[in-house]
Number of protein chains: 2
Amino acid sequence: MKLSTRGDYAVRALLELSTAEADNAIPLGELAERTRIPAKYLEQILMRLRTARVVRGKRGARGGYMLARDPHRVTVGEVIRAMEGPLAPSLCASQTAHTACPAYRCPSEDACVMRGLWAEVRDAIAGIVDHTTFGDLAARTREQQAAAREMYYI
Amino acid sequence: MKLSTRGDYAVRALLELSTAEADNAIPLGELAERTRIPAKYLEQILMRLRTARVVRGKRGARGGYMLARDPHRVTVGEVIRAMEGPLAPSLCASQTAHTACPAYRCPSEDACVMRGLWAEVRDAIAGIVDHTTFGDLAARTREQQAAAREMYYI
DNA sequence: ATAAAACCTACTAACTGGATAGGGATTATC
DNA sequence: GATAATCCCTATCCAGTTAGTAGGTTTTAT
């Protein structure tokens, strides 16, 4: 159930964008440097995120990338789905990309025991990632940093 | 977060073995036929499951495969891990195969916001699959079949 | 002895992940 | 209006994994 680097990179880059000031575009090069993600690879990821309407690009000099919305309105789940596809372990249990069950002995959608289990798992994952926004993550990051500073002063 | 066919096949084959009578070995060919999984591929999967001590093979004529334990003592989580690796979205949040966080800006294990989130997801998944056994699944299957028969008689 | 079966190793084709490369289009600034 | 910075887009490449096939060796019930 591991995330590919694509998903991991996307989340990390967005967290970086979320902690930046609103309406302040960060150029690819700087974002890549800050996150230590290969620039040209990050560019492709940002293209996907743009297609998903999660980020916006501003062209030309002084351009860069910024969140397309308020960080509190961008969920982690939406980003993971954009990068990795549906959350469900099996497409027969997916709400966003449902397909028929591949099992030979699947009695019917409603009666399929495996599908029931995969749907439980999907709901459990979605319950977390769809209710966590980049606004939340940015806030937690700030809290952590404040806590670290306090430690330092003692 | 999708399962590969390997994981899906493994679970389906084990469910088939779980509904069989105890101590009654099912030969590869029959298991493949019942589940409609390519026989030689299923064989490799069963080899892995044997290494994981989930199934046992009985050689020679009248041989076949059977569960190595009572179905109620084989969890879905254990099988998924054997086929797909750790459940956690990132290895930094894995309990079974922990490694350092790959993020450049990771402040520390305990303070890492991303790791916290991935750990939540891992716990949510594990909470389901580690508490669901093939005994449970077999029972649910029998219930469904009984319900289907009842429908038929009405 | 024979046939049925697990066991094991090697191979292959296709796909995916993780990049790298390079050119075209747009825009702020001088 | 030239220029430099920047996004935008497509192509290519390599390595590893997935999904499957093939064919042999060993064990065992009959």
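Computed from a predicted structure; not experimentally measured.

A look at the overall build of chain A
Turning to step 1, where the next piece is worked out: The helix and strand inventory of chain A stands at 6 helices and 2 strands.
Turning to step 2, where the next piece is worked out: Computed over its C-alpha atoms, the radius of gyration of chain A comes to 19 Å, more than 25% above the 15 Å expected for a compact globule of 154 residues.
Turning to step 3, where the next piece is worked out: Considered along the principal axes of its C-alpha atoms, chain A spans approximately 60 × 45 × 25 Å.
Turning to step 4, where the next piece is worked out: Put simply, chain A has 154 residues, and 47% of those count as buried.

Some remarks on the protein's contact with DNA strand C
Turning to step 1, where the next piece is worked out: In the vicinity of DNA strand C there are 28 residues, among which Lys40, Gln44 and Arg59 of chain A together with Glu43 and Arg50 of chain B approach most closely.
Turning to step 2, where the next piece is worked out: Residue assignment for the surface near DNA strand C shows that the elements contributing at least two residues are helix H1 (5-19) and helix H3 (39-51) of chain A together with helix H3 (39-51), strand E1 (55-58) and strand E2 (64-67) of chain B.
Turning to step 3, where the next piece is worked out: With 5 residues, the single largest contributor to the surface near DNA strand C is H3 of chain B.
Turning to step 4, where the next piece is worked out: The residue inventory of the surface near DNA strand C, partitioned by class, reads 10 nonpolar, 9 polar and 9 charged.

Looking at the nonpolar core
Turning to step 1, where the next piece is worked out: Residues Leu49 and Val79 of chain A together with Leu49 and Val79 of chain B are the most contacted members of the largest nonpolar core, which totals 97 residues.
Turning to step 2, where the next piece is worked out: The residues contacting Leu49 of chain B, other than those within four sequence positions of it, are Ala10, Leu14, Val54, Val55, Val79 and Met83 of chain B.

Remarks on the packing of H3 of chain B against helix H4 (residues 76-84) of chain B
All names here are of chain B.
Turning to step 1, where the next piece is worked out: In contact at an axis separation of 10 Å, H3 and H4 are set at 115° when each is read in the N-to-C sense. Relative to H4, the crossing made by H3 is right-handed. Contacts between H3 and H4 pair Ile45, Arg48 and Leu49 from the former with Val79, Ala82 and Met83 from the latter.
Turning to step 2, where the next piece is worked out: Among the residues making up the contact of H3 with H4, the classes are represented as 5 nonpolar, no polar and 1 charged.

Some points on the pattern of salt bridges
Turning to step 1, where the next piece is worked out: All told, the structure shown has 16 salt bridges over all chains when counted by the stated rule.
Turning to step 2, where the next piece is worked out: Of the charged contacts, one joins Arg115 of chain A and Glu109 of chain A as a salt bridge, the two residues approaching to 3.3 Å between their closest N and O atoms.
Turning to step 3, where the next piece is worked out: Using a relative accessible area of 27% as the deciding quantity, one classes Glu109 of chain A as partly exposed.
Turning to step 4, where the next piece is worked out: In this structure, the salt-bridge partner of Lys40 of chain B is Glu43 of chain B, at a minimum N-O distance of 3.0 Å. Here the residue Lys40 of chain B and the residue Glu43 of chain B both occupy positions in helix H3, the gap between them amounting to 3 residues, near one helical turn.
Turning to step 5, where the next piece is worked out: Under the relative-accessibility criterion, Lys40 of chain B is labelled exposed at 61%.

A few points about the interface of chain B and chain A
How big an interface is tends to be expressed through the accessible area that disappears when the partners come together.
Turning to step 1, where the next piece is worked out: The partner chain A presents 40 residues to the 40 residues of chain B that form the contact.
Turning to step 2, where the next piece is worked out: Across the chain B/chain A interface, buried area totals approximately 3600 Å², and carbon plus sulfur atoms make up 70% of it.
Turning to step 3, where the next piece is worked out: Linking chain B with chain A are 0 salt bridges.
Turning to step 4, where the next piece is worked out: Across the chain B-chain A interface, the total number found is 2 residue pairs in polar contact (both at pLDDT 80 or more).

Quick notes on the rules
Residues numbered from 1 in each chain as written. Chains lettered and ligands numbered in written order. Predicted model: local features only at pLDDT ≥ 70, side-chain atom pairs only at ≥ 80, totals over all residues. Heavy atoms only, no water. Helix = DSSP H or I, 4+ residues; strand = E, 2+ residues; numbered from the N terminus. Rg over C-alpha atoms; globule rule 2.2 N^0.38 Å. Buried < 20%, exposed > 50% of the residue type's maximum accessible area, 1.4 Å probe, protein only. Near = heavy atom within 4 Å. Nonpolar A, V, L, I, M, F, W, Y, C, P; charged D, E, K, R; others polar. Core = buried A, V, L, I, M, F, W, Y, C linked by side-chain atoms within 4.5 Å. Contact = heavy atoms within 4.5 Å. Axes fitted to C-alpha atoms, helices over the stretch in contact; angles between N-to-C directions. Left-handed = near helix turned anticlockwise from the far one by under 90°. Salt bridge = Lys/Arg side-chain N within 4 Å of Asp/Glu carboxyl O. Buried area = accessible area lost by both parts, 1.4 Å probe. Polar contact = N/O pair within 3.5 Å; in protein donor to acceptor, adjacent residues only side chain to side chain.

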